[in-house]
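# Overview (structure and organization)
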Amino acid sequence: YRHGEASEVAVPTPAGTVYFGEHHPLVITAGPCSVENEEMIVETAKRVKAAGAQFLRGGAYKPRTSPYAFQGHGESALHLLAAAREETGLGIITELMDSEDLEVLSNVADVIQIGARNMQNFPLLKKVGAQDKPVLLKRGMSATIEEWIMAAEYILAAGNPNVILCERGIRTFDRRYTRNTLDLSVIPVLRSLTHLPIMIDPSHGTGLAEYVPTMALAAVAAGTDALMIEVHPNPAKALSDGPQSLTPERFDRLMEEMAVIGKAV
Ligand code: PEP
Ligand code: MN
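Residues numbered from 1 in each chain as written. Chains lettered and ligands numbered in written order. Predicted model: local features only at pLDDT ≥ 70, side-chain atom pairs only at ≥ 80, totals over all residues.

### Let's talk about the environment of tyrosine 154
Position of tyrosine 154 among the secondary structure elements: in helix 5 (residues 145-157). The class of tyrosine 154 is buried, set by 21 C-beta atoms lying within 10 Å. (Helix = DSSP H or I, 4+ residues; strand = E, 2+ residues; numbered from the N terminus. Buried ≥ 20, exposed ≤ 12 C-beta atoms within 10 Å, placed from the backbone.)

### Some thoughts on the site of ligand 1
As a matter of local geometry, ligand 1 sits amid Cys33, Gly59, Pro63, Gly115, Ala116, Arg117, Lys138, Arg168 and His204. Its residues assigned to classes, the shell around ligand 1 shows 3 nonpolar, 3 polar and 3 charged. (Near = placed C-beta within 6 Å. Nonpolar A, V, L, I, M, F, W, Y, C, P; charged D, E, K, R; others polar.)

### Observations regarding the sheet that holds strand 9 (residues 198-200)
The sheet built from 8 strands closes into a barrel, its strands ordered 3-4-5-6-7-8-9-10 with parallel pairing. Across this sheet, the average inter-strand angle for adjacent strands is 25 degrees, counted without regard to direction. Alignment of strand 5 (residues 91-95) against strand 6 (residues 111-114), held across 3 bridges, turns out to be parallel. Counterpart to isoleucine 93 in the pairing with strand 6 is valine 111. (Pairing = 2+ DSSP bridges. Axes fitted to C-alpha atoms, helices over the stretch in contact; angles between N-to-C directions.)

### Quick notes on helix 8 (residues 212-221)
The complete set of buried residues in helix 8 reads Val212, Met215, Ala216, Ala219 and Val220. One face of helix 8 carries all of its buried residues, which in axial projection span an arc of 145 degrees. Among the structural elements, helix 6 (186-193), strand 9, helix 7 (202-206), strand 10 (226-230) and helix 9 (248-261) are those in contact with the buried residues of helix 8. Remark: glycine 223 follows helix 8 within two positions and exhibits a positive phi of approximately 100 degrees. (Arc of directions from axis to C-beta. Contact = placed C-beta atoms within 7 Å.)

### A word on the packing of helix 1 (residues 38-51) against helix 9
It is the contact of helix 1 with helix 9, at a shortest axis distance of 9 Å, that shows an interaxial angle of 20 degrees. With respect to helix 9, the element helix 1 is oriented roughly parallel. Judged by the twist between their axes, the crossing of helix 1 over helix 9 is right-handed. Residues Thr44, Arg47, Val48 and Ala51 of helix 1 pack against Pro248, Phe251, Asp252 and Met255 of helix 9. A per-class count over the contact of helix 1 with helix 9 returns 5 nonpolar, 1 polar and 2 charged. (Parallel < 35°, antiparallel > 145°, perpendicular 65-115°, else oblique. Left-handed = near helix turned anticlockwise from the far one by under 90°.)

### Concerning the nonpolar core
Counting residues in each nonpolar core, the largest one holds 72 residues, and the members touching the most others are Ile114, Leu137, Ile164, Leu165, Met199 and Leu227. Beyond its immediate chain neighbours, meaning those up to four positions away, leucine 165 contacts Leu137, Trp148, Ala152, Leu190, Leu196, Ile198 and Met199. (Core = buried A, V, L, I, M, F, W, Y, C linked by C-beta atoms within 7 Å.)

### A look at the packing of helix 4 (residues 122-129) against helix 5
Relative orientation of the contacting elements helix 4 and helix 5 amounts to 40 degrees, with a least axis distance of 7 Å. Taken together, helix 4 and helix 5 sit at an angle that is classed as oblique. Note on packing geometry: the crossing formed by helix 4 with helix 5 is right-handed. Within the contact between the two elements, helix 4 uses Phe122, Leu125, Lys126, Val128 and Gly129 and helix 5 uses Ala151, Tyr154, Ile155, Leu156 and Ala157.

Worth remembering: the numbers are spatial, not functional.
This is the structure we're talking about:
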């Protein structure tokens, strides 16, 4: 069980340092599943910034189930994220799948995301543990809480103390109505087991935009430290995860709804 105080993860961004942790205000990460082109990423960045987000998310390297599905624009997408960062001052969170891309991705990312499918890619965990950027570690879709915490330990043990845990839904037996089962019980459980900051991703957690706001609000009520929300200027045309992406208008409304609940710090 946890010993001692909650740790905080301090992330320098162009607009100032953002702190993740139990004793800090809620941190919002929003943006599209994939970086598709300059116009959409810059437009989305401006919209989520105006709504109050601190970080822009967007995939350059995408872990798609099918090798024939859109794989992300890779390095060129990183340059577009850099442009959006420059334009808005938002911090950038983007996924690393292959340690070969670590250097180029680190030039742009303020937080490096390790996706659900790589939660137990131990060589990759050791690599991000041996560098300085904070790491967002998503829960594997079938990972127990213990396996998830041990994956975080790989990063900590390699020398990087700046790890944020992100629940993104676990495999469900009922795929008919939701993509995953968002396990919000991890919020109190992780609080008692670890000192690390907690993020909830209701977008992958439910798979359907109409359920995202409800679960985001529930996560805030339960005390999450941060949220990750997929937002796309035109979800129907998205190259990945359109069905679970909020429009910027719906995201604006969610931010207002969340302000009412707030986070006890
Ligand atoms: C994502 O954040 O777009 C993503 C692929 O997430 P996960 O690894 O949780 O599936
Ligand atoms: Mn996605």
